[in-house]
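Residues per chain, in single letters:
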Amino acid sequence: MSHLFEVYPLYDIEPVKAHGSYLWDKNGVEYLDLYGGHAVISVGHCHPDYVARLTQQLSAISFYSNSVQIPLQEELAQKLGKLSGYPDYKLFLCNSGAEANENALKLASFHTGRTKVVSFTKSFHGRTAGAVAVTDNPSIVAPVNYKEHVHFLPFNDVEALETGITDEVAAVIVEGIQGVGGIQVCTTEFLQALRRRCDETGAVLILDSVQCGYGRTGKFFSHQFSGIAPDMMTMAKGMGNGFPIAGVLISPKFKASFGLLGTTFGGNHLACSAGIAVLDIIKNEGLIENAAKMGDYLFEGIRKLGGYKDLRGRGLMIGIEFEFPVKEFRNKLLFEHKIFTGVAGAHTLRLLPSLALSQKEADLFLAAYADCLKAFHQPALKEA
Ligand SMILES: Cc1ncc(COP(=O)(O)O)c(C=O)c1O
C-alpha cells in the first residue's frame, strides 16, 4: 500500500541507471529517452563533467544561505548572460519554473504598481498561486488561487492585443512555444506585436522560457527567432539537467532593492554548480547547434514518414498531432520499442530529448515511429 499522496499516474518502470540519452530499469532493460523527464535532461543523463562538478562541490560545501558571498552565483549569471545573448540582464535564482514565474509577476507588479496580468489560451505557467492563476486550465486552479486580475487573450491573435493590453496591465506572460498546450509556436508577427503593445502601455513582457528555453529550439531562447527582447525571461527545467534550479533574467531597467525578492534555497552552491556545468557543456559541445541540426533531421524524417495531422515546434521541441488519441501509440513506443516520449493533450505526441541527441538515436526513433504508424493504420508516405 502506497503512503504517497497519489497525484501521478505511474508507469510500472523503475529506472535505476542513466547515461546520455539512455535509461536502464531495475531489470536491466534499456530505454531510449526522447522525453528527458519532461525537458529537464538538457546535456544528457549523468554527463561525466556534470557528475564530476557536482561531486566535487558536494564534498567542498553544498549549502549556505544568501547572506554570504557565493561567487558561483556570479559565475553562473555571467556565463548565462553571455551564452544567452543577454549580458546586461541581471539574474535572480530560485528553485522551480513556477517559482520563477511567480517572482517575475511579482517584480512586474512592484515595478508598475499595477495589478492586472494578461495571459493566453492554452498557457501553462506552473502550479503555485500566482503561476496557476495565469495558467489556462480551470481544473488545476483552486478557489484560493485568486485570478480576478487575470485576463486570457487568444494565443497568436495579433488583433486581440490592441484592446486586451491596456495601461492597467502590469505584465503579459507568454511561452515562446507552448509546451503543455501542445507545442504551439508563437509567430514572429505575434511576438513583435506583443513587444510593441507592451511598449505602448508600459506593461512588462515576460517570456516563460521554462520549457522552450535553454537551447532546446536551436537558439538559447525560442523568442530569439523573432528578434524581440523581453523585459524578463523565466527558466528552469534544462538549467540544472535534473538538479532543481530556476532563474529570472531581468532587464537592466528594473531596480533591485534589498528584500524585494528572496529565497532560502535559490542559488545554493550545489544548484549553481549544476547550472555552471550545464552551461559549460552546452558551450563546449556545441549543443545548441546540435539541437538545431538534430531538430531539422527529425522534422525532415517525420515529414517523410507522414501519418500525422500536424507537425509543430522548433529544434528538439517537437509536437506530432494525430487524428486519433495518442495514448496507445505512446505506449507502443514505450513498451515495444523501449522509447520514452511524452504527450500534450489527447492527440499530440511530444518529443523533448536531450540537446545531445545523436543521429543514430534519432534514426532509432524514426524507425519505431514508422513501425507504430503501421499499427495505427496510418500508412507511411515513404520508407524511412
Ligand atoms: C512553460 C512552463 N512554465 C512553467 C512550468 C512549471 O515549472 P515547474 O514544474 O518547475 O514549477 C512548466 C512545467 O512544465 C512549463 O512547461
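Bear in mind the structure is a predicted one, so any value in this text is a computation, not a measurement.

Regarding unusual backbone geometry
Among all residues save glycine, negative phi is the norm, and among peptide bonds the norm is trans.
Next, step 1: The phi dihedral of isoleucine 183 falls on the positive side, at around 55 degrees, and the residue is not glycine.
Next, step 2: Topologically, isoleucine 183 is positioned in the loop between strand 8 (177-178) and strand 9 (184-185).
Next, step 3: With 27 C-beta atoms packed within 10 Å, isoleucine 183 lands in the buried category.
Next, step 4: A positive phi angle is found at lysine 338, which is not glycine, with a value near 60 degrees.
Next, step 5: The class for lysine 338 is partly exposed, based on 17 C-beta atoms found within 10 Å.

Quick word on the domain arrangement of the protein chain
Accessible area lost upon the coming together of the parts is a frequently used measure of interface size.
Next, step 1: Annotation of the protein chain at the domain level lists domain 1 (15-43 + 288-375) and domain 2 (48-284).
Next, step 2: For domain 1 versus domain 2, the separation of C-alpha centres amounts to 26 Å.
Next, step 3: Taken together, the contact between domain 1 and domain 2 spans 23 residues of the former and 26 residues of the latter.
Next, step 4: Broken down by secondary-structure element, the contributors of at least two residues to the side of domain 1 that touches domain 2 are helix 9 (287-305), strand 13 (310-314), strand 14 (317-321) and strand 17 (348-351).
Next, step 5: Residues belonging to the side of domain 1 that touches domain 2 are distributed by class as follows: 12 nonpolar, seven polar and four charged.

Notes on the site of the ligand
Next, step 1: Lining the immediate environment of the ligand, one finds 14 residues, of which Ser96, Gly97, Ala98, Gly126 and Val210 sit closest.
Next, step 2: If one sorts the elements of the shell around the ligand by residue count, helix 4 (residues 97-112) sits on top with three residues.

Points about the environment of asparagine 101
Next, step 1: Looking at where asparagine 101 falls in the secondary structure, it is placed in helix 4.
Next, step 2: With 25 residues separating them in the primary sequence, asparagine 101 and glycine 126 have C-alpha atoms 7.8 Å apart.

Some thoughts on the sheet that holds strand 15 (residues 339-340)
Next, step 1: What the four strands build is an open sheet, ordered 1-2-3-15; its pairing is mixed. One side of each edge strand has no neighbouring strand; the edge strands of this open sheet are strand 1 (15-19) and strand 15.
Next, step 2: Sheet topology places strand 1 next to strand 2 (residues 22-25); four bridges connect them, and they run antiparallel. Across the sheet, residue lysine 17 finds its bridge partner in strand 2, namely tryptophan 24.

Looking at the nonpolar core
What tends to happen in soluble globular proteins is that the nonpolar side chains get buried as a cluster.
Next, step 1: Among the nonpolar cores identified, the biggest contains 112 residues, and Val117, Ala171, Val172, Ala203, Val204, Ile206 and Val278 are the most heavily contacted of them.
Next, step 2: Counting residues per element, this core draws most heavily on helix 8 (residues 269-284), at 10 residues.
Next, step 3: There are two domains that each give this core at least three residues, and those are domain 1 (15-43 + 288-375) and domain 2 (48-284).
Next, step 4: Those residues in contact with alanine 203 that sit more than four places away from it in its chain are Ile165, Val169, Ala170, Ala171, Val172 and Cys198.

Topic: the pairing of strand 2
Next, step 1: Where strand 1 folds back on strand 2, the antiparallel hairpin that results is connected by two residues, among which glycine 20 adopts a positive phi of roughly 60 degrees.
Next, step 2: Sheet analysis places strand 2 next to strand 3 (residues 30-33), joined by three bridges and oriented antiparallel. Looking at strand 3, one finds that tryptophan 24 is bridged to glutamate 30.
Next, step 3: Where strand 2 folds back on strand 3, the antiparallel hairpin that results is connected by four residues, among which glycine 28 adopts a positive phi of roughly 85 degrees.

Concerning the sheet that holds strand 14
As a general point, the strands of a sheet are linked pairwise by backbone hydrogen bonds and lie either parallel or antiparallel.
Next, step 1: A sheet is described by the order of its strands in space; here four strands give the open sequence 13-14-17-16, paired in antiparallel fashion. Unpaired on one side and paired on the other, strand 13 and strand 16 (342-344) mark the two borders of the sheet. Averaged over neighbouring strand pairs, the angle between their axes works out to 25 degrees when direction is ignored.
Next, step 2: Pairing of strand 16 with strand 17, which is carried by three bridges, proceeds in the antiparallel orientation. Counted as the bridge partner of glycine 342 is arginine 350 from strand 17.
Next, step 3: Where helix 9 meets the sheet, it contacts strand 13 and strand 14, and its direction lies at approximately 175 degrees from that of strand 13.

Rules of the game
- Residues numbered from 1 in each chain as written.
- Predicted model: local features only at pLDDT ≥ 70, side-chain atom pairs only at ≥ 80, totals over all residues.
- Helix = DSSP H or I, 4+ residues; strand = E, 2+ residues; numbered from the N terminus.
- Buried ≥ 20, exposed ≤ 12 C-beta atoms within 10 Å, placed from the backbone.
- Domains from an automatic or database assignment.
- Contact = placed C-beta atoms within 7 Å.
- Nonpolar A, V, L, I, M, F, W, Y, C, P; charged D, E, K, R; others polar.
- Near = placed C-beta within 6 Å.
- Pairing = 2+ DSSP bridges.
- Core = buried A, V, L, I, M, F, W, Y, C linked by C-beta atoms within 7 Å.
- Axes fitted to C-alpha atoms, helices over the stretch in contact; angles between N-to-C directions.

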